[in-house]
Amino acid sequence: MTDTPPSEPSKNRQWIRQAVDFGALVAFAGAYVFLRARGLDGREAMVQATWVLVGASALALIVGYAVERRLAPLPLLAGGFALIFGGLTLFFHDPSLLKIKLSIQNGLLAVVLLGSLPLGKYPFKYLLGDSIKVTDHAWRGLTLRYGLYFATIATANEIVWRTQTDDTWVAFRGFIWVAAAVFGLLQIPYILKHLIKDEEPGPISPDPGL
């Protein structure tokens, strides 16, 4: 009996999911750059761009549900944080609330993932849903790797947003997007080595949007 490769619709859903995950970040960054080019200062541009972020985040959750027929835990978590902190940013007209969102979200993920290791629990398995099927040994390894990644991002974000300009923070956020994609790609050999089923996984980004 020969193994069947992943179906074309499954591959299409995977790429749609990736596009949905990062759509809000791209929309926010594009709006910020446009507003800065129109002469707004960094603070005001970030607040106004947050309107785009909130709308794009809500749309991403709707499209993600339409494609998957469910709300995957990690995109739902990221989208929920974006809506909550985006809403607070607009209400208080304070972009620092949007900046600190990255620290709180990644910090909480790091605490949960790294704190679960001594207990032999792997919440990362739940967060990824059925994206991949690997051994418990691999889940432990991935939990450690992603926990350390989230802790690093939370720490780096705290340093950047508290010491640098709005323009620098937005550029840093774009860099984190690229770093997240690279980090996800680097995990593929490890995942392939420990796959339970003979199927090719896509890159699992630890950063599903802003």
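What you are looking at is a predicted structure, and each value in this text was computed from that prediction instead of being measured. (Residues numbered from 1 in each chain as written. Predicted model: local features only at pLDDT ≥ 70, side-chain atom pairs only at ≥ 80, totals over all residues. Heavy atoms only, no water.)

Asks: Please explain the overall build of the protein as it appears in this structure.
Replies: Per the secondary structure count, the protein includes eight helices and zero strands. Written out in order from the N terminus, the α and β elements of the protein read α-α-α-α-α-α-α-α. Per-residue burial for the protein yields a buried fraction of 42% across its 210 residues. When contacts within the protein are restricted to residue pairs at least 6 apart in sequence, those whose partners lie at least 24 apart make up 69%. Working note: accessible area of the protein is about 10900 Å², and carbon and sulfur atoms make up 67% of it. (Helix = DSSP H or I, 4+ residues; strand = E, 2+ residues; numbered from the N terminus. Buried < 20%, exposed > 50% of the residue type's maximum accessible area, 1.4 Å probe, protein only. Contact = heavy atoms within 4.5 Å. Areas by Shrake-Rupley, 256 points an atom, 1.4 Å probe, with all protein chains shown as cover.)

Asks: I tried to follow a nonpolar patch on the surface on my own but got confused; where do I start?
Replies: Side chains of I84, L88, F91 and F92 sit close together on the surface and give an oily, nonpolar patch of about 450 Å² of accessible area. In this fold, L88 is placed in helix 3 (residues 73–92). (Patch = residues over 30% accessible without salt bridge, like charges linked within 9 Å, V, L, I, M, F, W, Y side chains within 5 Å. Salt bridge = Lys/Arg side-chain N within 4 Å of Asp/Glu carboxyl O.)

Asks: Looking at this model, I keep getting lost on the packing of helix 3 against helix 4 (residues 96–116). Mind explaining?
Replies: The N-to-C vectors of helix 3 and helix 4 enclose an angle of 150 degrees; their axes lie 9 Å apart at closest approach. When the interaxial angle is binned, helix 3 and helix 4 end up roughly antiparallel. As helix 3 packs across helix 4, the resulting crossing turns out to be right-handed. Residues L77, A78, F81, A82, F85, L88, T89 and F92 of helix 3 lie in contact with helix 4, whose contacting residues are L97, L98, I100, K101, I104, Q105, L108 and L109. Per-class residue counts for the contact of helix 3 with helix 4 are 13 nonpolar, two polar and one charged. (Axes fitted to C-alpha atoms, helices over the stretch in contact; angles between N-to-C directions. Parallel < 35°, antiparallel > 145°, perpendicular 65-115°, else oblique. Left-handed = near helix turned anticlockwise from the far one by under 90°. Nonpolar A, V, L, I, M, F, W, Y, C, P; charged D, E, K, R; others polar.)

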